[in-house]
Amino acid sequence: LEFLEGLIGGASLRGAPPRRPVLRVAEAQPRAPDFTAAALRGEAEKFETDKQASREAERNAARLKRQAELKAMLQAHVDEALWRNLMDHAEAAAARGEFEIQLLQFPCELCSDGGRMIDVHEGGWETTLRGEAAEIYARWRKELQPAGFRIDARLVGWDLDGVMAEAGLFLQWGAPD
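Cut-offs applied
- Residues numbered from 1 in each chain as written.
- Predicted model: local features only at pLDDT ≥ 70, side-chain atom pairs only at ≥ 80, totals over all residues.
- Heavy atoms only, no water.
- Helix = DSSP H or I, 4+ residues; strand = E, 2+ residues; numbered from the N terminus.
- Expected span 1.5 Å × (residues − 1).
- Buried < 20%, exposed > 50% of the residue type's maximum accessible area, 1.4 Å probe, protein only.
- Arc of directions from axis to C-beta.
- Contact = heavy atoms within 4.5 Å.
- Pairing = 2+ DSSP bridges.
- Axes fitted to C-alpha atoms, helices over the stretch in contact; angles between N-to-C directions.
- Phe/Tyr/Trp six-rings, centres within 6.5 Å; stacked < 30°, edge-to-face > 60°.
- Lys NZ or Arg CZ within 6 Å of the ring centre and 35° of its normal.
- Disulfide = S-S within 2.5 Å.
- Patch = residues over 30% accessible without salt bridge, like charges linked within 9 Å, V, L, I, M, F, W, Y side chains within 5 Å.
- Areas by Shrake-Rupley, 256 points an atom, 1.4 Å probe, with all protein chains shown as cover.
- Salt bridge = Lys/Arg side-chain N within 4 Å of Asp/Glu carboxyl O.
- Core = buried A, V, L, I, M, F, W, Y, C linked by side-chain atoms within 4.5 Å.

Engineer: Explain helix α3 (residues 80–95) to me, please; I cannot follow it from the model alone.
Structural biologist: One turn of an α-helix holds 3.6 residues; hence residues three or four places apart share an orientation. With 16 residues, α3 extends 23 Å between its outermost C-alpha atoms, agreeing within 8% with the 22 Å of an ideal straight helix rising 1.5 Å per residue. Residues Trp83, Leu86, Met87, Ala90 and Ala93 constitute the buried set of α3. Seen from one end, α3 has its buried residues packed into an arc of 115°, which puts them on one side. Turned more than 90 degrees off the buried face of α3, the exposed positions are Glu80, Ala81, Glu91 and Ala95. Against β1 (100–107), α5 (131–144) and β3 (164–172) lie the buried residues of α3.

Have a look at this one:
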């Protein structure tokens with residue numbers, strides 16, 4: 001039976017728990033001379049250091065990507081096709097019984113104050129807008145405000161640390177609050 005059990009990896013044919021193979025003294029591998037607690041601590045510390053370096057590299061890459069995106073958003077413009085598309089969405093939302101739509105979602109960093117005035121609902125928040133957000137606000141003021149539309153800005157997203165990350169511009173046509 002021991003021979004058959006050996007063929008199936010040491011599992012018992014008698015219903016007993018599997019037996020662990022017995023290492024003969026001659027088969028045991030000697031430990032390296034540098035096998036010490038200090039050596040193992042060093043390996044663990046190296047692992048942690050490498051993990052931290054990897055996280056830092058990921059954060060830097062994300063920061064650089066975000067900076068490139070912000071630069072592109074600052075240089076973007078609201079053309080006629082985009083404006084018409086936004087107005088079409090507003091009409092479709094009204095047909096569904098809605099009283100507002102989000103015109104634009106943008107990073108808080110796009111505001112000159114990082115979105116602080118939007119966060120605390122402070123008057124004059126529109127003066128902090130830059131890029132597309134500022135162009136949409138200006139277009140609203142010129143074309144839609146005289147027609148009775150309102151515009152609002154509020155936070156719509158936070159990062160993993162709970163810090164405000166995204167703001168939105170909302171076009172409103174419902175009854176005033």
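Engineer: Quick question: what am I supposed to make of the sheet that holds β3 here?
Structural biologist: Across a sheet, strands are paired by hydrogen bonds formed along the backbone, either parallel or antiparallel in direction. Spatial ordering of the open sheet is given by β1-β3-β2, a layout of three strands whose pairing is antiparallel. The open sheet terminates on both sides in strands that have one partner only, identified here as β1 and β2 (150–158). Geometrically, the sheet is characterised by an average inter-axis angle of 25° between neighbouring strands, direction not taken into account. In the sheet, β1 pairs with β3 via seven bridges, with the strands oriented antiparallel. Bridged to Pro107 within β3 is Glu166.

Engineer: Please explain the packing of aromatic side chains as it appears in this structure.
Structural biologist: Two aromatic rings, taken as a pair, are described by how far apart their centres are and by the angle between their planes. All told, the structure shown has two aromatic pairs when counted by the stated rule. Ring centres of Trp125 and Tyr137 lie 5.7 Å apart, and the angle between their planes is 80°; this geometry places the pair in the edge-to-face category. Within this pair, whereas Trp125 is found in the loop between α4 (116–119) and α5, its partner Tyr137 is found in helix α5, the two being separated by 12 residues in sequence. Per residue, the accessibility class of Trp125 equals that of Tyr137, and both read buried. Each ring, one from Tyr137 and one from Trp140, has its centre 5.2 Å from the other, and the planes form 45°; the classification is tilted. Of this pair, Tyr137 and Trp140 both sit in helix α5, separated by three residues, roughly a single helical turn. A residue is classified by how much of its surface remains accessible, and Tyr137, at 11% relative accessible area, is buried. When its relative accessible area of 5% is taken as the criterion, Trp140 is described as buried. One aromatic cluster in this structure is built from Trp125, Tyr137 and Trp140. The cationic tip of Arg154 hangs over the ring face of Phe170; the distance from NZ or CZ to the ring centre is 3.7 Å.

Engineer: Honestly, unusual backbone geometry in this entry has me stumped. Any pointers?
Structural biologist: Across the chain, the bulk of peptide bonds are trans and the bulk of non-glycine residues have phi less than zero. A positive phi angle, near 55°, is found at His121, a position not held by glycine. Assignment of secondary structure puts His121 in the loop between α4 and α5. Classification of His121 by relative accessible area gives exposed; the value is 60%.

Engineer: I keep staring at the state of the cysteines and nothing clicks. Help me out?
Structural biologist: Here is the idea: a disulfide is a covalent bond, and it sits between the sulfur atoms of two cysteines. Under the definition given, this model contains zero disulfides. No disulfide involves Cys111; its sulfur sits 6.2 Å from the nearest other cysteine sulfur, which is in Cys108. Of the residues examined, Cys111 reaches a relative accessible area of 2% and is grouped as buried.

Engineer: What am I meant to see in a nonpolar patch on the surface here?
Structural biologist: Residues Phe3, Leu7 and Ile8 make up a contiguous nonpolar surface patch of roughly 360 Å² in combined accessible area. The residue Phe3 is located in helix α1 (residues 2–7) in this model.

Engineer: How should I be thinking about the nonpolar core in this particular structure?
Structural biologist: Across soluble globular proteins, you tend to see nonpolar side chains buried next to one another. In terms of nonpolar packing, the biggest core is built from 29 residues, with Phe106, Ile118, Trp125, Leu129 and Leu169 touching the most fellow members. Of all elements in the fold, only α3, β1, α4, α5, β2 and β3 reach the threshold of two or more residues within this core.

Engineer: What's the story with the environment of Met164 in this structure? I'm lost.
Structural biologist: As for its placement among the helices and strands, Met164 is situated in strand β3. Note on Met164: relative accessible area 23%, which makes it partly exposed. Sequence-wise, Met164 and Glu109 are 55 residues apart; in three dimensions their C-alpha atoms are separated by 9.6 Å.

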